[in-house]
Each structure stands twice: as C-alpha cells, then as structure tokens.
Amino acid sequence: MDVSFLGGPQPQRGVGVVAPFDFALDRELWRWVPDEVSLHLTRTPFVPVEVSLDLARLVSEHETLQDAVRALSAVAPEVAAYACTSGSFVGGVAGERAMCAAMTQAGELPSLTTSGALLEALREIGARRVAVVTPYTRSVTDSLEEYLGEAGITVTGRAYLGLTRHIWKVPYRDVVDMAREAVVGSPDALFISCTNLPTYDVIPQLEAELRMPVLSANQVTIWAALKEVGAQAVGPYQALLDPAARRGPAGMAASSAPVADPMASMAPLSDPVADAEPGPEAALAGAASPGPDADPADGLDPGFGPGVGEGPFLDDSGGPSAR
C-alpha cells in the first residue's frame, strides 16, 4: 500500500524541560500541551538525598542546570524550563534569576523556572495574597513562604504534608483536604506547590468549590513556557488559562458585574507588602474524610487512588511518617 500521500510529520515547536531526577509526572505535563508543541525532557543526575532544602540546592546548582540545557540543545527547543519548585525558590528571588541566566547562557535560548513562572502567573491573575499547599516538610514550606514574601506576596494560610519521598503517589483527595485547610485569611488565589504533586484534574474542581483561581507548579511552568514560544496551554476551565473562567455564573466572583483590570492599581511584585498580616498556619496532620456531597475529589483520575496520603504525615517537628 502506497502511503506517500501522507507526507511527513507536521513541524513541531519544541519546549525543553529540565526536571529533577525523581520527577514522575511526565504525562501530566503533556496534558497542558497543544498538539503543535513537543516537550523534550531531561533529568538532573541522581543524588541519594530525600526531598529537603539540601536536595533543592543540589539539583539546582548552576553547573547541573547548564549541563542539562546543553543536552537539550541537541534537539533545538525554543525555550528551556526548569520544572522544580523548591529547587528554584531555595535561593530566593535573586537565586531564581541567576538560575535563569545560567541556563540561558548554556543554551543561548530563553529560560525560566517554576518559581519564576509562579510570580508571572500571579501577576497575570492579579493576586497578591495566596494560600499555599505543599507536600514538603515545614522547613521547605517556610522557604517557599520566604520566597513569596520577598516578591511582595502575602501567604494568608498554608497546609503541608511533611513528605520527603514518593510525592507523586499522593492522591487527589489529600490535595483537596489540604486546600480546604489552607484557604483562610481571604486569599486571592491558591497555589499548589511541587512539580511532583499531581494536580491537573483537581484544579477545576477546587476552583468551583473555593471560588478563586487555583495555580499549580506544573500548570504555571508549562503555561509560562508555552507563552514564551507564542503558544497557549490547554486545560478544562482553569482560570489561569482562560480569563473567562475568572468570572461569569460559574466563575470566581459572586457578582456578575464586569471585572476590572486587576493589574491597574497593582505595584510591581518586587515591592514587599509591609502592612499585610499573615494568616494562621494550617499544617495538615492527616487526610480527613470529606462529606459525601459535592466532593471535588469524586470522579477524578482513578490512577491516583489511595496511597501515601492515607495515614499520618511527618513534618520537621517529628511524628509518624507516611510510606
């Protein structure tokens, strides 16, 4: 059978992704990517360290990132993205910018990180007060809050799991429970940290329940990388991806009145917010069983069933750990 009429494959825009060695959610990244774009992933070298501030520093050393970007250069991506939240916030705002500069120098192409993409996404939706959800220990969660504070973002409430490994196994139900714990103090948005924490299916359900934009690490990374090459991320009813999802009958606002430009009266994100009082911390000790009605975790991807999230968790203060 002659199939020459099919021609060759259609041209693809390339997005290079540098991920930590233990990254397990390649498929989740692809779910935000339109058909005309290909992801080219590479990983940092293995180090025998559990998830911690030490690991965040090790996987984000400039030489490590530069070697990864040089490897990606063989397939000529148009942008390089470092898909690691803790690795890109551990050095603060200046450290994140230095990582981008090192990657750009190595590959001679635009570069970004998850934490830098987060600040860009917060600007996009006009959010200055956020609730934070992480799978990390207390010390790593503290570092994220310090990074956001340095950028002028107030953390109104937070919840964390205290995990040091197997983060990709956390079920959606635990993410939902943490979100409910963290959303205090009238935040403008919720951020779910860690590129190894599954979030794709839970974002629209949480937005519908909480009536606010919900951002996640993988979402903002791919959104920013695609934006850099002139493409648009795809995803069902997510406020970051679709401005129409921020208003209307099922949108974020209770009123149907037109929404003004949220950036019109905002100072740059680099200006600290000195007069904001941080809200109480909500450290999640275990996965509560939500009620049977309107549970955002119902009907989600069965691939993330019961796992690490069932049972008590460990934070830096000690206590039992999940395995």
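The structure we're discussing is the one just above.
Residues numbered from 1 in each chain as written. Predicted model: local features only at pLDDT ≥ 70, side-chain atom pairs only at ≥ 80, totals over all residues. Heavy atoms only, no water.

Caption draft 1: The arrangement of the sheet that holds strand 8 (residues 214–216) in detail. The strand order 6-5-7-8 describes an open sheet built from four strands, whose pairing is parallel. Only two strands of the sheet have a single neighbouring strand rather than two, namely strand 6 (154–160) and strand 8. Averaged over all pairs of adjacent strands, the angle between their axes in this sheet comes to 20 degrees, without regard to strand direction. Strands strand 5 (129–134), strand 7 (189–192) and strand 8 of the sheet are contacted by helix 6 (residues 114–125), whose axis makes an angle of about 165 degrees with strand 8. (Pairing = 2+ DSSP bridges. Helix = DSSP H or I, 4+ residues; strand = E, 2+ residues; numbered from the N terminus. Axes fitted to C-alpha atoms, helices over the stretch in contact; angles between N-to-C directions. Contact = heavy atoms within 4.5 Å.)

Caption draft 2: Spotlight on the environment of Ala239. Position of Ala239 relative to the elements: it lies in the segment after helix 10 (217–228). With a relative accessible area of 0%, Ala239 lands in the buried category. Once the C-alpha coordinates of Ala239 and Ile203 are considered, the two residues, 36 residues apart in sequence, prove to be 9.2 Å apart. When neighbours within four sequence positions are excluded, Ala239 is seen to be in contact with Glu207, Pro213, Ala245 and Arg246. (Buried < 20%, exposed > 50% of the residue type's maximum accessible area, 1.4 Å probe, protein only.)

Caption draft 3: Structural view of the pattern of salt bridges. Tallied over the full model, the rule gives 12 salt bridges. Across the pair Glu120 and Lys227 runs a salt bridge whose closest N-O atoms are separated by 3.3 Å. Linking Glu120 in helix 6 with Lys227 in helix 10, this pair joins segments that are 107 residues apart in sequence. Using a relative accessible area of 42% as the deciding quantity, one classes Lys227 as partly exposed. Two residues, Glu124 and Lys227, come together in a salt bridge whose shortest N-O distance is 3.9 Å. With a gap of 103 residues between them, Glu124 in helix 6 and Lys227 in helix 10 connect regions that are remote in the sequence. (Salt bridge = Lys/Arg side-chain N within 4 Å of Asp/Glu carboxyl O.)

Caption draft 4: How the structure looks around the packing of aromatic side chains. The full count for this structure, using the stated rule, is four aromatic pairs. With a centroid separation of 4.8 Å and an interplanar angle of 70 degrees, the aromatic rings of Trp32 and Tyr200 are classed as edge-to-face. Of this pair, Trp32 sits in the loop between helix 1 (26–31) and strand 2 (37–43) while Tyr200 sits in the loop between strand 7 and helix 9 (202–210), and the two are 168 residues apart along the sequence. By relative accessible area, which is 0% here, Trp32 ends up buried. (Phe/Tyr/Trp six-rings, centres within 6.5 Å; stacked < 30°, edge-to-face > 60°.)

Caption draft 5: Spatial organisation of helix 7 (residues 138–150). The terminal C-alpha atoms of helix 7, which comprises 13 residues, lie 18 Å apart, in line with the 18 Å expected from a rise of 1.5 Å per residue. What helix 7 keeps buried is the set Val140, Thr141, Ser143, Leu144, Tyr147 and Leu148. Along helix 7, the residues classed as buried sweep out an arc of 155 degrees about the axis, all on the same side. Once helix 7 ends, the next one or two residues include Gly152, with phi positive near 90 degrees. (Expected span 1.5 Å × (residues − 1). Arc of directions from axis to C-beta.)

Caption draft 6: Structural detail: the packing of helix 6 against helix 10. Two elements in contact, helix 6 and helix 10, have axes separated by 8 Å at closest approach and are oriented at 80 degrees. Here helix 6 is positioned roughly perpendicular relative to helix 10, judged by the angle of their axes. Counted together, Thr114, Ala117, Leu118, Glu120, Ala121 and Glu124 of helix 6 and Ala217, Val220, Thr221, Trp223, Ala224 and Lys227 of helix 10 form the full contact between these two elements. (Parallel < 35°, antiparallel > 145°, perpendicular 65-115°, else oblique.)

Caption draft 7: Expanded view of unusual backbone geometry. Positive phi values are uncommon outside glycine, yet Cys194 reaches one of about 90 degrees. By the element assignment, Cys194 lies in the loop between strand 7 and helix 9. For Cys194, a relative accessible area of 9% puts it in the buried group. Although it is not a glycine, Tyr237 sits at a positive phi angle of roughly 45 degrees. The class for Tyr237 is partly exposed, based on a relative accessible area of 34%.

Nothing here speaks to function; it is all geometry.
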